[in-house]
Amino acid sequence: MVKLISLVYRKKGLSDEEFRQYWSETHGPMVARLIPLARRYVQNHPEAFQGLSYDADGIVEMWFDSTEDVQRYLDWRASPEADDLKEDEDRFQDYKKTRRFVVREHEFETTGRQWNPGANLPDGPG
(Lines give C-alpha, C1' and ligand atoms only; values in the text may rest on other atoms or scores of the structure.)
Protein backbone atom coordinates (compact mmCIF):
# COMPACT_ATOMS: atom_id res chain seq x y z
CA MET A 1 0.00 0.00 0.00
CA VAL A 2 1.03 3.57 -0.73
CA LYS A 3 -0.27 6.60 1.10
CA LEU A 4 -0.87 10.14 -0.10
CA ILE A 5 -0.64 12.52 2.85
CA SER A 6 -1.79 16.11 2.47
CA LEU A 7 -1.34 19.04 4.83
CA VAL A 8 -4.40 21.25 4.47
CA TYR A 9 -4.97 24.88 5.44
CA ARG A 10 -8.18 26.76 6.10
CA LYS A 11 -9.31 29.65 3.96
CA LYS A 12 -8.76 33.12 5.39
CA GLY A 13 -11.83 34.42 7.13
CA LEU A 14 -12.95 31.03 8.48
CA SER A 15 -12.66 30.17 12.13
CA ASP A 16 -11.09 26.88 13.18
CA GLU A 17 -14.54 25.59 14.10
CA GLU A 18 -16.11 26.62 10.77
CA PHE A 19 -13.25 24.95 8.89
CA ARG A 20 -13.43 21.71 10.87
CA GLN A 21 -17.20 21.48 10.70
CA TYR A 22 -17.36 22.03 6.94
CA TRP A 23 -14.41 19.72 6.31
CA SER A 24 -15.85 16.84 8.34
CA GLU A 25 -19.59 17.22 7.72
CA THR A 26 -19.69 18.34 4.08
CA HIS A 27 -16.38 17.81 2.32
CA GLY A 28 -15.44 14.47 3.87
CA PRO A 29 -18.59 12.65 2.75
CA MET A 30 -18.22 14.21 -0.71
CA VAL A 31 -14.64 12.95 -1.00
CA ALA A 32 -15.65 9.46 0.10
CA ARG A 33 -18.36 9.43 -2.57
CA LEU A 34 -16.37 10.90 -5.48
CA ILE A 35 -12.69 9.97 -5.38
CA PRO A 36 -11.52 7.03 -7.45
CA LEU A 37 -8.99 4.35 -6.52
CA ALA A 38 -8.47 5.27 -2.87
CA ARG A 39 -8.91 2.38 -0.44
CA ARG A 40 -9.26 4.62 2.58
CA TYR A 41 -9.68 8.35 3.33
CA VAL A 42 -8.97 9.74 6.81
CA GLN A 43 -9.08 13.31 8.08
CA ASN A 44 -6.85 14.19 11.04
CA HIS A 45 -8.03 17.20 13.04
CA PRO A 46 -5.28 18.66 15.28
CA GLU A 47 -5.94 18.86 19.00
CA ALA A 48 -4.82 21.84 21.05
CA PHE A 49 -1.94 20.53 23.12
CA GLN A 50 0.27 22.38 25.57
CA GLY A 51 3.71 23.11 24.15
CA LEU A 52 2.80 22.29 20.54
CA SER A 53 1.95 24.54 17.63
CA TYR A 54 0.87 23.36 14.21
CA ASP A 55 1.77 24.51 10.74
CA ALA A 56 -1.34 23.01 9.08
CA ASP A 57 -5.03 23.05 9.99
CA GLY A 58 -5.43 19.37 9.19
CA ILE A 59 -3.88 16.30 7.66
CA VAL A 60 -5.46 13.95 5.12
CA GLU A 61 -4.36 10.36 4.62
CA MET A 62 -5.42 8.40 1.55
CA TRP A 63 -4.38 4.79 0.93
CA PHE A 64 -3.81 3.38 -2.57
CA ASP A 65 -2.72 -0.02 -3.87
CA SER A 66 0.19 1.40 -5.89
CA THR A 67 2.03 4.54 -6.96
CA GLU A 68 0.33 4.09 -10.34
CA ASP A 69 -3.05 4.42 -8.61
CA VAL A 70 -1.84 7.59 -6.87
CA GLN A 71 -0.85 9.00 -10.26
CA ARG A 72 -4.23 8.05 -11.75
CA TYR A 73 -5.94 9.76 -8.83
CA LEU A 74 -3.85 12.92 -9.37
CA ASP A 75 -4.63 12.79 -13.11
CA TRP A 76 -8.33 12.52 -12.20
CA ARG A 77 -7.97 15.61 -9.91
CA ALA A 78 -6.60 17.54 -12.90
CA SER A 79 -9.58 16.56 -15.07
CA PRO A 80 -12.99 18.25 -15.39
CA GLU A 81 -14.49 15.19 -13.68
CA ALA A 82 -13.06 16.50 -10.37
CA ASP A 83 -14.43 20.04 -10.77
CA ASP A 84 -17.18 19.59 -8.14
CA LEU A 85 -14.62 18.44 -5.60
CA LYS A 86 -12.24 21.31 -6.35
CA GLU A 87 -15.06 23.87 -6.20
CA ASP A 88 -16.01 22.52 -2.79
CA GLU A 89 -12.40 22.77 -1.59
CA ASP A 90 -12.38 26.44 -2.59
CA ARG A 91 -15.21 27.05 -0.10
CA PHE A 92 -13.17 26.22 2.98
CA GLN A 93 -9.48 25.68 2.29
CA ASP A 94 -6.49 27.54 0.91
CA TYR A 95 -5.65 24.94 -1.70
CA LYS A 96 -2.52 26.75 -2.92
CA LYS A 97 -0.90 26.07 0.46
CA THR A 98 -1.68 22.33 0.40
CA ARG A 99 1.41 20.16 0.55
CA ARG A 100 1.37 16.52 -0.51
CA PHE A 101 3.61 13.57 0.25
CA VAL A 102 3.50 10.13 -1.36
CA VAL A 103 4.81 7.72 1.27
CA ARG A 104 5.18 4.09 2.20
CA GLU A 105 4.68 3.21 5.83
CA HIS A 106 7.41 1.45 7.78
CA GLU A 107 5.66 0.14 10.87
CA PHE A 108 7.41 -1.08 14.00
CA GLU A 109 5.65 -3.04 16.70
CA THR A 110 6.06 -1.39 20.08
CA THR A 111 6.53 -3.28 23.31
CA GLY A 112 3.77 -1.51 25.24
CA ARG A 113 6.33 -0.57 27.87
CA GLN A 114 4.74 0.65 31.09
CA TRP A 115 5.43 4.12 32.49
CA ASN A 116 8.17 4.11 35.11
CA PRO A 117 7.31 6.72 37.76
CA GLY A 118 10.83 6.41 39.22
CA ALA A 119 12.51 7.52 35.98
CA ASN A 120 12.86 11.12 37.21
CA LEU A 121 10.82 12.44 34.27
CA PRO A 122 7.82 14.81 34.27
CA ASP A 123 4.54 13.33 35.49
CA GLY A 124 2.62 11.17 33.03
CA PRO A 125 3.41 8.61 30.36
CA GLY A 126 6.49 9.39 28.34
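Heads up: the structure comes first, above all this text.
Here's what I pulled together on the structure shown here.

### Description of the sheet that holds strand β1 (residues 2–8)
Read across the open sheet, the 4 strands follow the order β2-β3-β1-β4; overall the sheet is antiparallel. Looking at which strands have only one partner, the edges of the open sheet turn out to be β2 (40–44) and β4 (99–103). Put simply, the sheet's adjacent strands are angled 15° from each other on average, direction ignored. Pairing of β1 with β4 involves 5 bridges; the strand directions are antiparallel. Bridge pairing links Lys3 to Val103 in β4.

### What about the side chain of Ser6?
Considering the arrangement of structural elements, one finds Ser6 in strand β1. By relative accessible area, Ser6 is classed as buried at 6%. Sequence-distant contacts of Ser6, defined by excluding residues within four places in its chain, comprise Gly58, Ile59, Val60, Thr98, Arg99 and Arg100.

Conventions adopted
- Residues numbered from 1 in each chain as written.
- Predicted model: local features only at pLDDT ≥ 70, side-chain atom pairs only at ≥ 80, totals over all residues.
- Heavy atoms only, no water.
- Pairing = 2+ DSSP bridges.
- Helix = DSSP H or I, 4+ residues; strand = E, 2+ residues; numbered from the N terminus.
- Axes fitted to C-alpha atoms, helices over the stretch in contact; angles between N-to-C directions.
- Buried < 20%, exposed > 50% of the residue type's maximum accessible area, 1.4 Å probe, protein only.
- Contact = heavy atoms within 4.5 Å.

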